[in-house]
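# Architecture and fold: a report
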Amino acid sequence: MKRALLVIDVQEEYVSGKLPITYPLESFDNILKAIDMANGHRIPVILVQHTSLSSDAGTFLKGSPGWELLPELINRPYDHLVEKNLPGSFTGTDLERWLLEREIDTVTIAGFMSQMCCDTTARQAFHRGFGVEFLSDATGTMKVSNYAGEVLGEDLHRSVLVTQAMRFSKVMDTVEWIKELY
């Protein structure tokens, strides 16, 4: 197995912007722990950054404070940066080519939001034949309300993990993932 760690959308918008991540509280610390372990085991780290194409989107506008990747990520070594415009990290990007050129067959998913870009990217990877590991405590979300209803962050996160484990990913926490590296 040859892995890469995908760190999806760990951007300022999710810390100090309109979409603060609230569950699980330790997700950001575990993302950093996963990056450090990946670097220590020579596992490529790929940072993914979401960019809105619509100027009226209100979030993730290129160059805005909310669009910026958190400094704790940028200040750590990483191997590749992917800029995406849709929830899936493979759509319209060079991610698949980059992974295949390095003979990577498994991706580990960490980042924000569990139910949107992390879930979509995990499904895309599975559909492309990659093995997928989904870090349950290094992905995160928040309470969501819209015209269809409301769901608490914890319930939404758990639903994503259960769905991922049904077919798409091996769901594990960061400690379990680290043990597999040895």
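For the structure itself, look to the data block above.
Residues numbered from 1 in each chain as written. Predicted model: local features only at pLDDT ≥ 70, side-chain atom pairs only at ≥ 80, totals over all residues. Heavy atoms only, no water.

Below, the discussion takes up helix α6 (residues 153–168). Taking 1.5 Å of rise per residue, the 16 residues of α6 would be expected to cover 22 Å, and the 21 Å separating its terminal C-alpha atoms lies within 8% of that figure. Burial in α6 covers these residues: Gly153, Leu156, His157, Val160, Leu161, Gln164 and Phe168. For α6, the angular spread of the buried residues around the axis is 135 degrees, confining them to a single face. In this structure, the buried side of α6 is in contact with α5 (114–127), β5 (131–140), β6 (144–146), β7 (149–151) and β8 (170–172). (Helix = DSSP H or I, 4+ residues; strand = E, 2+ residues; numbered from the N terminus. Expected span 1.5 Å × (residues − 1). Buried < 20%, exposed > 50% of the residue type's maximum accessible area, 1.4 Å probe, protein only. Arc of directions from axis to C-beta. Contact = heavy atoms within 4.5 Å.)

The next point concerns unusual backbone geometry. Where the residue is not glycine, phi is negative for most of them; where a peptide bond is considered, it is trans in most cases. At the junction of Tyr23 and Pro24, the peptide bond is cis and its omega measures out at -15 degrees in the coordinates. On the secondary structure map, Pro24 appears in the loop between α1 (13–16) and α2 (27–40). Cis geometry marks the peptide bond from Phe112 to Met113, where omega comes out at -25 degrees. Although it is not a glycine, Asp9 sits at a positive phi angle of roughly 55 degrees. If you trace the backbone, Asp9 turns up in the loop between β1 (3–8) and α1. A relative accessible area of 1% places Asp9 in the buried class.

The parallel open sheet is built from 6 strands, whose spatial order is β3-β2-β1-β4-β5-β8. Edge strands, defined here as strands with exactly one partner in the open sheet, are β3 (80–84) and β8. Between one strand axis and the next, the sheet turns through 25 degrees on average, direction left out of account. With 5 bridges joining them, strand β2 (residues 45–50) and β3 adopt parallel strand pairing. Bridge pairing in β3 places Gln49 opposite Glu83. With respect to the sheet, α5 is in contact with β1, β3, β4 (106–112) and β5, its orientation differing from that of β5 by roughly 170 degrees. (Pairing = 2+ DSSP bridges. Axes fitted to C-alpha atoms, helices over the stretch in contact; angles between N-to-C directions.)

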